[in-house]
Amino acid sequence: MFRQSQKWHAENKIVAIVPTMGALHEGHISLIRAAKSKADKVIVSIFVNPTQFGPNEDYDNYPRTLSEDIKKCREAGVDVVFSPSVPAMYPDNSSTWVNEDVLSQYLCGTRRKGHFRGVCTIVLKLFMICSPDIAIFGQKDAQQSIIICRMVRDLNIPVKIIVAPIKRESDGLAISSRNKYLSPKEREQATVIYKGLQEVKKWQKEKLSVAQIRRKLIRFIQQEKDIRIDYISIVNVDTISEITRPDKGDKLLIAVAVFFNKARLIDNIEIKW
Ligand code: AMP
């Protein structure tokens with residue numbers, strides 16, 4: 001992969017990568033379109049990365065649909081699909097990791113210990129192997145995108161990070177590979193997440209405080225009895241730390257993580273205070 005990429009660089013081609021775990025859906029395809037609009041060559045990596053899953057998470061059951069994914073990539077005009085095996089990415093005795101120490105302490109980081117260490121490590125490895133000029137990540141995983149931007153800055157990685165908007169179903173549910181885990185009833189209930197996030201804008205106009213908005217959002221989402229809230233947090237977009245009294249003009253991230261049985265869904269919106 002590295003040689004192919006170097007060849008493209010020698011031809012003055014701009015190379016983009018879209019890192020994914022496969023089970024490709026319209027959200028991923030929107031990132032591929034963004035990549036194609038900014039680069040001459042597009043690599044999609046498909047790798048269910050074991051090191052970003054906790055011991056009780058869904059690594060074994062995570063949907064794997066490689067041949068369909070390759071077809072979708074071909075239709076979307078992807079130049080190369082890079083889908084390495086686990087031993088190729090993690091040789092025996094792998095013992096070097098990339099740790100981001102601050103931003104990883106909040107939101108999903110508190111719930112999924114070691115998750116962002118796995119993410120940062122695999123993303124840096126993909127960058128080393130694929131040597132892209134640009135990498136596209138989704139706002140759907142807002143904290144991940146913020147942490148990758150920090151890693152790239154802190155380690156002087158010569159890759160430009162572009163964060164693409166969340167692609168949603170027509171009823172607002174953020175598209176996710178994990179939506180497949182939902183029963184039809186849960187799928188219907190899941191629309192409450194985005195509806196709640198939209199209500200936030202209304203509550204903000206009503207001049208409610210951050211704490212009041214958070215409480216109202218919790219109550220709104222809890223209307224659906226099959227949902228268990230993992231967290232609902234209102235944080236500063238730059239620091240990802242909880243914010244109670246924002247200044248006018250501050251950018252806030254309203255981040256939600258919920259469980260339906262074992263399926264964990266995340267969503268977010270950004271608002272300006
Ligand atoms: P995943 O395969 O779930 O690890 O996701 C790969 C990339 O696709 C990540 O950068 C995600 O943020 C992004 N992504 C996942 N779902 C969506 C979506 N609904 N809209 C936009 N990007 C998404």
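Just above sits the structure.
A brief report on the enclosed structure follows.

Turning to the sheet that holds strand β6 (residues 227-236), a few remarks are in order. As summarised here, the arrangement of the three strands in space is β6-β7-β8, forming an open sheet in which the pairing is antiparallel. In this open sheet, the two strands that pair with only one neighbour each are β6 and β8 (263-272). Neighbour to neighbour, the strand axes of the sheet diverge by 15° on average, direction disregarded. Packed onto the sheet, helix α10 (residues 210-221) meets β6 and β7 (251-260) and runs at close to 160° relative to β6.

Right, let's get into the packing of aromatic side chains. Scanning the entire structure with this criterion turns up five aromatic pairs. Ring geometry for Phe-47 against Tyr-90: centres 6.3 Å apart, planes inclined by 35°, an arrangement best described as tilted. One end of the pair, Phe-47, is in the loop between β2 (41-46) and α3 (66-75); the other, Tyr-90, is in the loop between α4 (86-89) and α5 (108-111), with 43 residues separating them in the sequence. Taking the relative accessible area as the measure of exposure, Phe-47 reaches 5% and is therefore buried. Pairing Trp-203 with Phe-220 gives two aromatic rings, centres 6.3 Å apart and planes at 70°, and the pair type is edge-to-face. Pair noted here: Trp-203 is in helix α9 (residues 191-205) and Phe-220 is in helix α10, with a separation of 17 residues, a long-range link. Relative accessible area serves as the criterion here: at 4%, Trp-203 is assigned to the buried category. Through a chain of ring-to-ring contacts, the aromatic side chains of Phe-47, Tyr-90 and Trp-97 assemble into a single cluster.

With that settled, the discussion passes to the pairing of strand β1 (residues 15-20). Burial analysis of β1 places six of its six residues in the buried class, which makes it a mostly covered element. Neither face of β1 is left uncovered, since the one carrying Val-15, Ile-17 and Pro-19 and the one carrying Ala-16, Val-18 and Thr-20 both have all their residues buried. As paired strands, β1 and β2 are joined by six bridges and run parallel to one another. Paired with Ala-16 across the bridge in β2 is Val-42. Across two bridges, the pairing between β1 and strand β4 (residues 134-138) is parallel. By the bridge assignment, Ala-16 is partnered in β4 with Ile-134.

Our focus in this paragraph is the pairing of β8. It is a general feature of regular strands that their side chains alternate between the two faces of the sheet. Burial analysis of β8 places eight of its 10 residues in the buried class, which makes it a mostly covered element. Pairing of β7 with β8, which is carried by 10 bridges, proceeds in the antiparallel orientation. What sits directly across from Leu-253, in β8, is Glu-270. Hairpin connection, β7 to β8: the antiparallel pair is bridged by two residues, and Asn-261 has positive phi, about 50°.

Okay, the nonpolar core next. Formed by 41 residues in total, the largest nonpolar core has its most connected members in Val-123, Phe-127, Ile-148, Met-151 and Ile-161. Of all the elements in the fold, those that place two or more residues in this core are β1, β3 (80-82), α6 (115-130), β4, α7 (142-154), β6 and β7. Excluding residues within four positions of it along the chain, Met-151 makes contact with Val-98, Cys-120, Val-123, Leu-124 and Ile-157.

On the surface, Lys-207, Lys-248, Lys-251 and Lys-272 cluster together into a patch of positive charge. In this structure, Lys-248 sits in the loop between β6 and β7.

Criteria and cut-off values
Residues numbered from 1 in each chain as written. Predicted model: local features only at pLDDT ≥ 70, side-chain atom pairs only at ≥ 80, totals over all residues. Heavy atoms only, no water. Pairing = 2+ DSSP bridges. Helix = DSSP H or I, 4+ residues; strand = E, 2+ residues; numbered from the N terminus. Axes fitted to C-alpha atoms, helices over the stretch in contact; angles between N-to-C directions. Contact = heavy atoms within 4.5 Å. Phe/Tyr/Trp six-rings, centres within 6.5 Å; stacked < 30°, edge-to-face > 60°. Buried < 20%, exposed > 50% of the residue type's maximum accessible area, 1.4 Å probe, protein only. Core = buried A, V, L, I, M, F, W, Y, C linked by side-chain atoms within 4.5 Å. Patch = residues over 30% accessible without salt bridge, like charges linked within 9 Å, V, L, I, M, F, W, Y side chains within 5 Å. Areas by Shrake-Rupley, 256 points an atom, 1.4 Å probe, with all protein chains shown as cover. Salt bridge = Lys/Arg side-chain N within 4 Å of Asp/Glu carboxyl O. Lys, Arg positive; Asp, Glu negative; His and termini not counted. Charge placed at Lys NZ, Arg CZ, Asp CG, Glu CD.

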